[in-house]
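Structural description and commentary
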Amino acid sequence: MKDTSNRFMFTFGSSLMLFTSTVFAEPHPGKALHDKADCMKCHAAKPYDPQKTTDYPKLVKAVEFCNNNLNTGFWEEEVEQLADYLNQEYYHFEKP
Ligand code: HEC
């Protein structure tokens, strides 16, 4: 009896761990947009620079600027996701 319940706890525990690590391994939705729009076509040579874009609202503006220039036609939500992704990867600003 005791043996069975231990095995249950073990199985339950490890599937919970698997579940959590899958959630964390999921790529940021902004990364897919970034790949799709080929932002690195220019920004590989022009690295994202926190000295230049100095806070989060400016980062959103910069993403909007490139979005408009490129005619990628991202929605506001997608611009937000892109900005959040760039923030997480490169800028590390406090979000307002
Ligand atoms: C055709 C080339 C080109 C492409 C493609 C491009 N950008 Fe840009 N980007 C620029 C230029 C030019 C600037 C502004 C001038 C500068 O920073 O030297 C800029 C500036 C930026 C900045 C601010 C830069 C900084 O130093 O902080 C961000 C953020 C940015 N772009 C995001 C994006 C995103 C996201 C995409 C993809 C949707 C993208 N860009 C695609 C050319 C491009």
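So, here is what we can say about the structure in this document. From a predicted model like this one, the values you see are computed outputs, not experimental measurements.

Comments concerning the site of the ligand
With respect to spatial proximity, 20 residues lie near the ligand, and among them Cys39, Cys42, Asp49, Thr53 and Cys66 are the closest. When residues of the shell around the ligand are traced back to their parent elements, those giving at least two are helix H3 (40–43), helix H4 (56–70) and helix H5 (76–91). At six residues, the largest contribution of residues to the shell around the ligand is made by H4. Along the lines of polarity and charge, the residues of the shell around the ligand split into 11 nonpolar, five polar and four charged.

Thoughts on H5
The first and last C-alpha atoms of H5 sit only 20 Å apart over 16 residues, clearly below the 22 Å expected at 1.5 Å per residue. Listing the buried residues of H5 in full gives Val79, Gln81, Leu82, Ala83, Leu86 and Asn87. Each element contacted by the buried residues of H5 is listed here: helix H2 (29–36) and H4. Downstream of H5 by one or two residues, histidine 92 has phi in the positive range, about 55 degrees.

Points about the nonpolar core
Formed by Leu59, Val60, Val63, Val79, Leu82, Ala83 and Leu86, the largest nonpolar core amounts to seven residues. Put simply, the parts of the chain that give this core at least two residues each are H4 and H5. Looking at which element gives the most residues to this core, the answer is H5, with four residues. With sequence-adjacent residues up to four places away left out, leucine 59 is seen in contact with Thr53, Ala83, Leu86, Asn87, Tyr91 and Phe93.

The rules behind these values
- Residues numbered from 1 in each chain as written.
- Predicted model: local features only at pLDDT ≥ 70, side-chain atom pairs only at ≥ 80, totals over all residues.
- Near = placed C-beta within 6 Å.
- Helix = DSSP H or I, 4+ residues; strand = E, 2+ residues; numbered from the N terminus.
- Nonpolar A, V, L, I, M, F, W, Y, C, P; charged D, E, K, R; others polar.
- Expected span 1.5 Å × (residues − 1).
- Buried ≥ 20, exposed ≤ 12 C-beta atoms within 10 Å, placed from the backbone.
- Contact = placed C-beta atoms within 7 Å.
- Core = buried A, V, L, I, M, F, W, Y, C linked by C-beta atoms within 7 Å.

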